[in-house]
Amino acid sequence: MFAILVNFLLLPLTAQSDATTESSFAKVRPVLETQCLGCHNPKLRMANLSLASRADVLAGGKRGTVVVPGKPRESRLLAAVRQEGNLRMPPSSRLADGEIAALEAWIQAGAPWPENVAAKVPGKLNHWAFVTPVRPSEPAVRQRGWVRTPVDSFVLARLEKEGIAPSAEAEATTLVRRLYLDLLGLPPTPEETAAFLDDRRPDAWPRLVEKLLASPHYGERWGRRWLDQARYADSDGGSRDEPRQIWRYRDWVIQALNADMPFDQFVVEQLAGDLLPNPTHSQLIATGFHRNSPIQIEAGTDREQYRVEAVVDRVDTTGTVLFGMSVGCARCHDHKFDPISHREYYQLFAFFNSTDDWGNDRPRYNARYNNLVHVQGPLLEFAPVDVIATRDRVLARLVELDEKLDDYKREKKPKPDDAFVKEIEAEVAVLRKQLPKGLEGSMIQRELPAPRETRTMPGGDYLAKGEPVQPGVPAFLHPLQKTSARANRLDLARWMVDPRNPLLARVVVNRIWQEYFGAGLVATENDFGTQGTPPTHAELLDWLATELVRSGWSQKAVHRAIVNSAVYRQSSKVKPNVMERDPRNQLLSRQTRLRLDSEIVRDVALSASGLLTTRVGGPSVFPPQPEAAMSASQIKKTWKASTGADRYRRGMYTFFWRVTPNPALVVFDAPNAMVACTRRNRSNTPLQALTLLNDTAFHEFAQATGARLVREAQGDAARLDRAYELALSRKPSAPERERLQRWLAQERDALASKPEEAKALAADLEVALWTSLARVLLNTDEFITRE
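The following refers to the structure shown. Treat the numbers as computed from the prediction; the structure is a model and nothing was measured.

What follows is about the overall build of the protein chain. Scanning the protein chain from terminus to terminus reveals 31 helices and six strands. If one aligns the C-alpha atoms of the protein chain with their principal axes, the spans along those axes are about 120 × 90 × 50 Å. Sorting the 787 residues of the protein chain into buried and exposed places 55% on the buried side. In the protein chain, the proportion of contacts linking residues at least 24 apart, taken out of those at least 6 apart, comes to 69%. A total of about 34500 Å² of accessible surface is found on the protein chain, and carbon and sulfur atoms cover 54% of it. Taking the average place of the 106 positive charges on the side chains of the protein chain and the average place of its 98 negative ones, the gap between the two points comes to 1 Å.

Next up on the list: helix H10 (residues 216-229). For the α-helix, the turn length of 3.6 residues means that residues three or four positions removed from each other point alike. Given a rise of 1.5 Å per residue, 14 residues ought to cover 20 Å, and the 21 Å separating the end C-alpha atoms of H10 matches this to within 8%. Along H10, the helix axis deviates most sharply at Gly223, where the bend reaches about 30 degrees. A large share of H10 lies buried, amounting to 13 of its 14 residues. Between the side-chain oxygen at the start of H10 and the backbone nitrogen of His217 there is a gap of 3.1 Å, and the oxygen is on Ser215. Two residues or fewer after H10 comes Arg231, characterised by a positive phi angle close to 45 degrees.

It is worth spelling out the pattern of salt bridges at this point. Throughout the structure, instances matching the rule amount to 63 salt bridges. For Arg343, the salt bridge identified is with Glu467, shortest N-O distance 2.8 Å. Residue Arg343 is located in helix H15 (residues 342-352), and its partner Glu467 is located in the loop between strand E3 (454-455) and strand E4 (468-469); the two are separated by 124 residues in the primary sequence. Look at Glu467 and you get partly exposed, because its relative accessible area is 42%. Three or more residues joined by partner-sharing salt bridges are found here, namely Arg221, Arg224, Arg225, Asp228, Glu515, Asp597, Glu599, Arg680 and Arg682.

In this section: the packing of helix H7 (residues 172-184) against H10. For any two helices packed against each other, the geometry is given by the interaxial angle and the distance between the axes. H10 packs onto H7 with a crossing angle of 70 degrees between their chain directions and a minimal axis gap of 6 Å. As the angle between them shows, H7 and H10 are arranged roughly perpendicular. Contact residues: Leu181, Asp182, Leu183 and Leu184 in H7; His217, Tyr218, Arg221 and Trp222 in H10. In terms of residue class, the contact of H7 with H10 is built from five nonpolar, one polar and two charged.

This part covers helix H31 (residues 765-777). Between its first and last C-alpha atoms H31 spans 19 Å; for 13 residues at 1.5 Å apiece the expected length is 18 Å, and the two agree. Taken as a whole, H31 has its buried residues at Val767, Ala768, Leu769, Trp770, Thr771, Ser772, Leu773, Ala774 and Leu777. Buried residues along H31 sit in contact with helix H27 (696-712), helix H28 (716-728), helix H29 (734-753) and helix H30 (755-761). Where H31 begins, one side-chain oxygen reaches toward the backbone nitrogen of Glu766, 2.9 Å away; that side chain belongs to Asp764.

Take the environment of Ala259 next. Within the secondary structure, Ala259 is located in the loop between helix H11 (247-258) and helix H12 (263-272). Of the residues examined, Ala259 reaches a relative accessible area of 60% and is grouped as exposed. For the pair Ala259 and Lys556, spaced 297 residues apart in sequence, the C-alpha to C-alpha distance is 9.6 Å.

Next up on the list: the packing of aromatic side chains. This model, assessed by the stated rule, comprises 23 aromatic pairs. Ring centres 5.0 Å apart and planes at 65 degrees place the aromatic pair Trp226 and Phe266 in the edge-to-face group. Placement of Trp226 in helix H10 and of Phe266 in helix H12 is noted, with a sequence separation of 40 residues between them. The burial state of Trp226 is the same as that of Phe266; both residues are buried. Ring geometry for Phe655 versus Trp657: centroids 4.7 Å apart, planes at 50 degrees, classification tilted. A network of ring pairs unites the aromatic residues Trp226, Tyr249, Trp252, Phe263, Phe266, Phe289 and Trp553 as a single cluster. Above the plane of the ring of Tyr568 lies Arg178, whose end atom (NZ or CZ) is 5.7 Å from the centre.

Take the nonpolar core next. By size, the foremost hydrophobic cluster in this structure holds 166 residues, and its most contacted members are Trp226, Tyr249 and Leu544. Ranked by residue count, the leading element in this core is helix H20 (residues 504-517), at nine residues. By size, the runner-up hydrophobic cluster in this structure holds 22 residues, among which are Val31, Leu37, Val66 and Leu77.

Here the amide bond leading from Met89 into Pro90 is cis, since omega sits at -10 degrees, within 30 degrees of zero. Note that Pro90 resides in the loop between helix H4 (76-81) and helix H5 (97-108). Of note, the amide linkage connecting Gly377 to Pro378 takes the cis form, showing an omega dihedral of 5 degrees. The phi torsion at Trp553 lies on the positive side, around 60 degrees, for a residue other than glycine. One can find Trp553 in the loop between helix H21 (538-550) and helix H22 (555-563). Of note, Ser729 is a non-glycine position whose phi angle comes to about 65 degrees, a positive value. Structurally, Ser729 is set in the loop between H28 and H29. Assessed through its relative accessible area of 3%, Ser729 is described here as buried.

Definitions and cut-offs
- Per chain, residue numbering runs from 1 following the sequence as it is written.
- With pLDDT at 70 or above as the cut-off, local features in this predicted model cover only qualifying residues; side-chain atom pairs require 80 or more to be listed or tallied, and sums for whole chains, interfaces and linings still use all residues.
- Hydrogen atoms and water are omitted, and side-chain values are computed over all heavy atoms in the structure.
- Working definition: helices are DSSP H or I runs of at least four residues, strands are E runs of at least two. Numbering for both runs from the N terminus.
- The rule is simple: take the accessible area with a 1.4 Å probe, protein chains only, and divide by the maximum for that residue type; under 20% is buried, over 50% is exposed, in between is partly exposed.
- The contact rule is simple, with two residues in contact once any of their heavy atoms fall within 4.5 Å.
- Residue exposure ignores everything except the shown protein chains as possible cover, and the areas themselves are Shrake-Rupley values with a 1.4 Å probe.
- In this charge count, Lys and Arg are treated as positive and Asp and Glu as negative; neither His nor the chain ends contribute.
- Every charge is mapped onto a representative atom, which is NZ of Lys, CZ of Arg, CG of Asp or CD of Glu.
- Expected span of a helix: the number of residues minus one, times 1.5 Å.
- At any given residue, the bend is defined as the angle formed between two axes, one fitted to the seven residues that end at that position and one fitted to the seven that begin there.
- For this analysis, a polar contact is any N or O atom pair within 3.5 Å, provided that within protein one partner can donate a hydrogen and the other can accept it, and provided that sequence-adjacent residues contribute only side-chain to side-chain pairs.
- A side-chain nitrogen of Lys or Arg and a carboxyl oxygen of Asp or Glu constitute a salt bridge if their distance falls within 4 Å.
- To get an axis, a line is fitted to the C-alpha atoms, and for a helix only the part in contact is used. The angle between two axes follows their N-to-C directions and goes from 0 to 180 degrees.
- Geometric relationships in this document are graded by angle, where less than 35 degrees denotes roughly parallel, more than 145 denotes roughly antiparallel, 65 to 115 denotes roughly perpendicular, and other angles denote oblique.
- Under the scheme applied, nonpolar residues are Ala, Val, Leu, Ile, Met, Phe, Trp, Tyr, Cys and Pro; charged residues are Asp, Glu, Lys and Arg; polar residues are all the others, including Gly.
- Two rings from Phe, Tyr or Trp (for Trp, the six-membered ring) form a pair when their centres are within 6.5 Å of each other. A pair whose planes differ by under 30 degrees is stacked, one over 60 is edge-to-face, and the rest are tilted.
- A ring is considered to have a charge above it if a Lys NZ or an Arg CZ atom is located within 6 Å of its centre and within 35 degrees of its normal.
- As used in this record, nonpolar core signifies buried Ala, Val, Leu, Ile, Met, Phe, Trp, Tyr and Cys residues forming a set joined through side-chain atoms within 4.5 Å.

Here it is, written out as structure tokens:
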């Protein structure tokens, strides 16, 4: 009897009945699975803590014990979920009162856990974006006649479910301007607009789509978007912001997109073109993708620190651009929300840690001899081997002599006639004459003969040496196939484009969609992780992703599916009754008005003026800009305005200094090129209007437009028509015509009475008048907007 009584008294702290155990655990298990195990599971062990079993719970984590059976007040877990101290769990929300009460009762009961029961790890590993997409069937819709491509069926099915009708098709002039701006980044000429309006063939629209996809300007328009992600710039960044040779990478991107290079090949050549068998010059230039990292060469900098920062930039860029995830969060610690551990971050880091980059094993930067080849190399150089060898030998010797002379002067403080100084100066004079000038090249990646050791860096500190790691990939994705004992960047690139990858194709098509509708089907285009927004049309996203792969990774195939759809061709006019229900147009019941990108704002003005240079590719150019624009740099750079055809090149060819970028590009939200940009901001500020009105370049465009109107049309009415066709791809409405004719009469009188002001616009009074009108049209919202 005594033994029975003792067992009874000990029951709450030990075995308890199976019924009691299961009842208590049943209430807390859903809380653990939905709120805790995404991070604190046996694989990730955030803070070295797993809550997947009773043994794990009682073992605690790096902060110590988290649960003391039978003692809720001493249990850190309860304090964390009550958010009573600095540690608050979950980090971005709060448990319901009932969930907290269930945890407290479970701990009070001794934290019971039925035998042979494991909590299911949810969330992160079962997250929709981490599951390989399966091609969905096209849904049935009632308004089948509205459907032009499968894209329409997915959108219309959702609209019909919500009881919302799609918008009517936009006017033909709006559609043709929309398509030209979207595919080429250039407006149609009046003649091109007229040709489409006069084309009565039933396939006129698909024909126009194919014509534009075949245009060399397609690669410019969509290449600029990829260059945002590649953080392309023409300078190093950092305090010196020296120019770099990398414009050939920009041209490679344009050419690859024009050729519709399969996207899997597009990725492989950029990540590891140098590791392909017998790589071509083109494949080497493609590796400039990860040479776009900023470089800090200020005197006194730790070259190893900035080499590490360059590798970190490449890991983070790879994560942002190709995973669509914030991989960089795991640099210092396990990712708080997504299944990427601190160790896995440095396994990715190891892929990029053995490239040949400027570090402590290379000469310091020497401002006197500007040995940028030592800093920015390796380069693919376009000069005879012996000339390059001479340059390397002479430049290395000059830098060596300069450092030796500096040391000597600092220590000896010699007189002007010092023999040692004169000897060195004499050798320098000879070497200067031998140094080849003007060698051209392109920054590329190159693997070291032997890989560097990679260790984790606790806290992200490059001086902190953690455990050694080998190249590897996050375990929540498909396994890596290695071609040798140690995986390399080529293995990573091929793993990235494996069709089993659930992320890449979705991320790519989502960003394409974003360009056409202002927001992606996943609004958080740079976060497909557990904290990102779910897709508004999940099946459409998966259809587009599988279509990209099915078409042989053809991006043009995705463009065709979208721009041929009825969804794309809708009017952008807002319907008040729908605006209340769907203010962000997530259901896609209309098109979206989009302010043009900064480069395209310049391009449409160039096009209207007739000044546009249509040549594709080549070195970056220097269009006119305000004189004070370069003053912000520590080392003031010169900006000599280009002349001739280069003065009027498209915006994407403007030389982009990272520290002092072109003001007209910045004011219209061009990215800073310091980090990957997957979505540009679209602001609306007074400075933008002032730029269009007063900037040197835009004033020149207005003058050229005015002269063009006088030259190409006779009489006010004809010139008004021509002005609208050049600027807005349509004729003026009756109210617009009447208002502008009154304005022209007033402005003509005003200029005639003030000839000096007229001459400031143009030598000829009539040209000055139409220059004034051009300044008006080129400063309208419609001019810089894609309807």
